[in-house]
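Here is how the chains run, residue by residue.
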Amino acid sequence: MDSLNGKLALIGVVTVVLSLRFVAFEIRQNTTSLQAAAIQASTEVARENIMALVNDPSLLDLKNKAPGELTKAEAQRLYWLSRSFWLSMQGLWRQWQLGVLPDEEWLVWQHIICTNMTTDRGISGRKYWQQSKGGLIPEFAELSESSCDLSP
């Protein structure tokens, strides 16, 4: 009887170990799927911003004007386009912060953020950053500013 109990206990232990290995495998697969989805989402953010400019040539013209050259309606249009850009960047930061967006992807986006924050023209330049940052998560705004050289 002890021999049978010992064999059953061994089978139980092996079953638990195999179950745990399967769960670990599933978790790794899920993590990979989440990262792939986050990378795809980040690509979609870039694509949407690019397509907005490509599909509306007037935005390209506005993007290249100095802030003082814009009409009130043009400035509002750029403000909302910029707001959309910054909310997208904040969403990518949250994905990175949650560990879903890989570091190498986030570094690319951080470079894009800094490039946009340090220009005086365009949909996400210095002026629009100043207008948008108050409506963003403070930690994202602080990280963005501390990561980029904002000197004039």
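Here is what the cut-offs are and how they apply
- Residues numbered from 1 in each chain as written.
- Predicted model: local features only at pLDDT ≥ 70, side-chain atom pairs only at ≥ 80, totals over all residues.
- Heavy atoms only, no water.
- Helix = DSSP H or I, 4+ residues; strand = E, 2+ residues; numbered from the N terminus.
- Buried < 20%, exposed > 50% of the residue type's maximum accessible area, 1.4 Å probe, protein only.
- Areas by Shrake-Rupley, 256 points an atom, 1.4 Å probe, with all protein chains shown as cover.
- Contact = heavy atoms within 4.5 Å.
- Phe/Tyr/Trp six-rings, centres within 6.5 Å; stacked < 30°, edge-to-face > 60°.

## Concerning the overall build of the protein chain
Counting its secondary structure elements, the protein chain contains 6 helices and 0 strands. Traced from its N-terminal end to its C-terminal end, the protein chain shows the element sequence α-α-α-α-α-α. For the protein chain, the residues scored as buried account for 28% of the 152 residues in total. Carbon and sulfur atoms make up 61% of the accessible area of the protein chain, which totals about 9,600 Å².

## Some remarks on the side chain of Ser144
Note that Ser144 resides in helix H6 (residues 138-147). The exposure class of Ser144 is buried, given its relative accessible area of 4%. When sequence neighbours within four positions are dropped, the list of residues in contact with Ser144 reads Ile113, Met117 and Trp129.

## A closer look at the packing of aromatic side chains
Inspection of every chain in the model, using the stated rule, returns 6 aromatic pairs. With a centroid separation of 5.3 Å and 15° between ring planes, the pair formed by Trp96 and Trp106 is classed as stacked. On the criterion of sequence distance, the pair formed by Trp96 in helix H3 (residues 72-97) and Trp106 in helix H4 (residues 103-117) is long-range, its members being 10 residues apart. Among the residues examined, Trp106 registers a relative accessible area of 2% and is labelled buried. Through successive ring pairs, a cluster of aromatic residues spans Phe85, Trp86, Trp93, Trp129 and Phe140.

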